[in-house]
Amino acid sequence: MIQRRFAPLALSLLAALAASAHADEVSVAVAANFTAPMQRIAAEFEKDSGHKAVLSFGATGKFYAQINNGAPFGILLAADDTTPAKLAQEGKGVAASRFTYAIGQLVLWSKQAGYVDDKGAVLKMGDYRHIAIANPKLAPYGLAAMETLKNLGLTDQVTPKIVQGENIGQTYQFAASGNAQLGFVALSQVMEDGKLREGSAWMVPSAMHEPIRQDAIVLSSAKDNAAATALMQYLQGDKARAIIRSYGYAF
Amino acid sequence: MSTSLLSPDDWAAIWLTLELASVTTALLLVLATPLAWWLAHTASRWRGPIGAVVTLPLVLPPTVIGFYLLVTMGPNGPVGQLTSALGLGYLPFTFAGLVVGSLVYSLPFAVQPLQRAFEGLGRRPLEVAATLGASRIDSFFSVALPLARPGFITAAVLTFAHTVGEFGIVLMLGGNIPSKTRVVSVQIYDHVEAMEYAQAHWLAGCMVVFAFVVLVALQWLQPRDRNNASPL
C-alpha cells in the first residue's frame, strides 16, 4: 500500500511544485477505521480546492507518539476524542479547530453470510472458535466492544476466544481472512455505499457502549496552512458528510 | 502497579518468547541440516531456485510473510484446509502457528551457516572416511557433523536470537493472546502504543542487553571455531 501510494505521490508533488504556487499541501494522520471514506474525501477535496492532502493511516496512539516526536502532520483525524483533547491541552494542537467529524458505529461481523443474526445472539450460542477484537487498551472500537460484552454479561464466556488486533484494520483482517469467525469491527470497514459488502453483521446498539466520538484537530505546526484550514472546513461540508454517512458513521 | 519493574504479563511474554525460540531452533537445526547438506553438494539445476527460496525470508518484509501465512493457514487457504483435514485445526492464533511462522522466518539463519560449514569441509574428509570403509551415513555422522560443529553453533545462536527478535509475523499471525501468542516484541509494541513508556523501556532494555550478549558470544566463539574447522 505504501509503495503503491509512493509513486503517484512523488509525481503529483512534482506536478504541484511545477504548476502552482497557490495550492498548499497538508499531511493528514488518519485513524485506520476512517481509511476508505478519507481516501474518497481527499480525492474530492483535491478536485474542488486545488489543495493537496497527503494521507497516512494508522493507530491513533501511534500518531500521538509520532506527533510528540516531531512528525510533520498538519491534521489528526483521530479514532477517539481524548487524543485530540490531550494534544490541544498540551499546546500541540489548535484547541479551537477541534470538532467531531464522525461518530463511529461498532458492528459484530462475520465473513460468512447468514452467520450473525440481527440481535447478536451468535455471541452466546455460536460455536465460533475465535472472535477478533481491537486491543481495548489502544483502540476505541476495542474498548467499545469490551463494554458491549460486559453489558451483555458475556465477558467471561467470550474472553478465552478473543484474538486481538493492534488496531481496527488488523482486527478486520483477522475476520476477513476467516481465521476468526467473528469480529467487532467498524461499520465503515464492511459497508460501502450504504450496503454491507459481504458476510453478515449485527449493528451494536449505541446504548451498549460509550459513543465512539472521532475528533479532528489541526496541529500547531499547520495553524497557518491554508490547505489544513480548507480541509477542516471541507470535512464539515455536505459533500464530505454524505460520503462519511455512506460508510455508516453518524454525526 | 509498579511501573519500574517487569510485570507478570511481561514475564509471561518473556517465557513464551524463550519457548518459541527454543522449539524453533531445535526443529530448524533438524530440518536445515539435510537441506544445507544438499545445497552444499548437489549439482542439480534446482540448487539455484531452492537456494533462492531459502534466502527469501531475508529479503521479504515480515508483513509479507505474516500476511501470506495468515491467508494460507486460514480456513480458505490450502495449508489451512490440509491441517484441518488432518484434525490439527487452523494454525493462526496458536503457538504451533507461531512455530511454523518462525521456521519460515529464521530458515536462512539456520541453513546458510550450515551450508557454508559443509562447503568448507570439502570432499577430502569424506573420501578419506570412505577409503577406510565407512558407509556414507556413518561418515556423515562421525566425520562431517563433528567437523561442521562451528557451523551448527552459529546456526543455533542466530536462529534463536533472530526468533526472539521476531515481530511482524507474530503480530500478524498470533492475535496477541496473553501467554499463548503474545511474545516480548509484541508486548513492547503494546506498551509503546499505550504510552506506557517506563514498562516499554524495561523490556526493551532487556532485549538490547540480550542481543548484545548474543553477538559478543558469537564473536568469541567464531575465531576459535574457525581454527577447528580447518582440519586438514
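Residues numbered from 1 in each chain as written. Chains lettered and ligands numbered in written order. Predicted model: local features only at pLDDT ≥ 70, side-chain atom pairs only at ≥ 80, totals over all residues. Heavy atoms only, no water.

Visitor: How should the overall build of chain A be read in this particular structure?
Guide: Regarding its fold elements, chain A presents 11 helices and 12 strands. Against the 2.2 N^0.38 benchmark of 18 Å for 251 residues, chain A shows a C-alpha radius of gyration of 19 Å, consistent with a compact globule. Seen along its three principal axes, the alpha-carbon backbone of chain A occupies a region of about 60 × 35 × 30 Å. Residue pairs at least 24 apart in sequence account for 79% of intrachain contacts in chain A once pairs closer than 6 positions are excluded. Total accessible area on chain A stands at roughly 11,200 Å², and carbon and sulfur atoms take up 55% of it. (Helix = DSSP H or I, 4+ residues; strand = E, 2+ residues; numbered from the N terminus. Rg over C-alpha atoms; globule rule 2.2 N^0.38 Å. Contact = heavy atoms within 4.5 Å. Areas by Shrake-Rupley, 256 points an atom, 1.4 Å probe, with all protein chains shown as cover.)

Visitor: How should the interface of chain A and chain B be read in this particular structure?
Guide: Often, the extent of an interface is quoted as the loss of accessible area on bringing the components together. At the interface, 23 residues of chain A touch 23 residues of chain B. Interface area for chain A against chain B, summed over the two sides, is near 1,900 Å², with a carbon-plus-sulfur share of 55%. Viewed at the interface, chain B and chain A are joined by one salt bridge. With a shortest N-O distance of 3.3 Å, B:Glu196 and A:Lys137 are connected by a salt bridge. (Buried area = accessible area lost by both parts, 1.4 Å probe. Salt bridge = Lys/Arg side-chain N within 4 Å of Asp/Glu carboxyl O.)

Visitor: Teacher, can you tell me more about helix H2 (residues 35-49) of chain A here?
Guide: Side chains of residues three or four places apart in an α-helix project in the same direction, reflecting 3.6 residues per turn. All names here are of chain A. Over its 15 residues, H2 extends 20 Å from the first C-alpha to the last, a length consistent with the 21 Å expected when each residue adds 1.5 Å. Among the residues making up H2, those that are buried are Thr35, Pro37, Met38, Ile41, Ala42 and Phe45. Around the axis of H2, the buried residues are gathered within 145 degrees of arc, so they sit on the same side. Lining the buried residues of H2 we find strand S1 (25-31), strand S2 (52-58), strand S3 (75-77), helix H10 (226-235) and helix H11 (238-246). With its phi angle positive at about 80 degrees, Gly50 sits one or two positions after the end of H2. (Expected span 1.5 Å × (residues − 1). Buried < 20%, exposed > 50% of the residue type's maximum accessible area, 1.4 Å probe, protein only. Arc of directions from axis to C-beta.)

Visitor: How do you make sense of the nonpolar core when you look at a structure like this?
Guide: Looking at soluble globular proteins, one finds that nonpolar side chains tend to be buried together. Ranked by size, the top nonpolar core spans 58 residues in total, and within it A:Phe34, A:Leu77, A:Leu123, A:Ile131 and A:Phe184 carry the most contacts. When residues in this core are grouped by element, the largest group, six residues, is from H10(A). Contact partners of A:Phe184, with chain neighbours within four places excluded, come to A:Leu106, A:Val107, A:Leu108, A:Leu123, A:Ile131, A:Ala132, A:Ile133, A:Ala145, A:Leu149, A:Ile168, A:Thr171 and A:Val204. Counting residues in hydrophobic clusters, the runner-up holds 41 residues, among them B:Leu16, B:Ala32, B:Leu121 and B:Val183. (Core = buried A, V, L, I, M, F, W, Y, C linked by side-chain atoms within 4.5 Å.)

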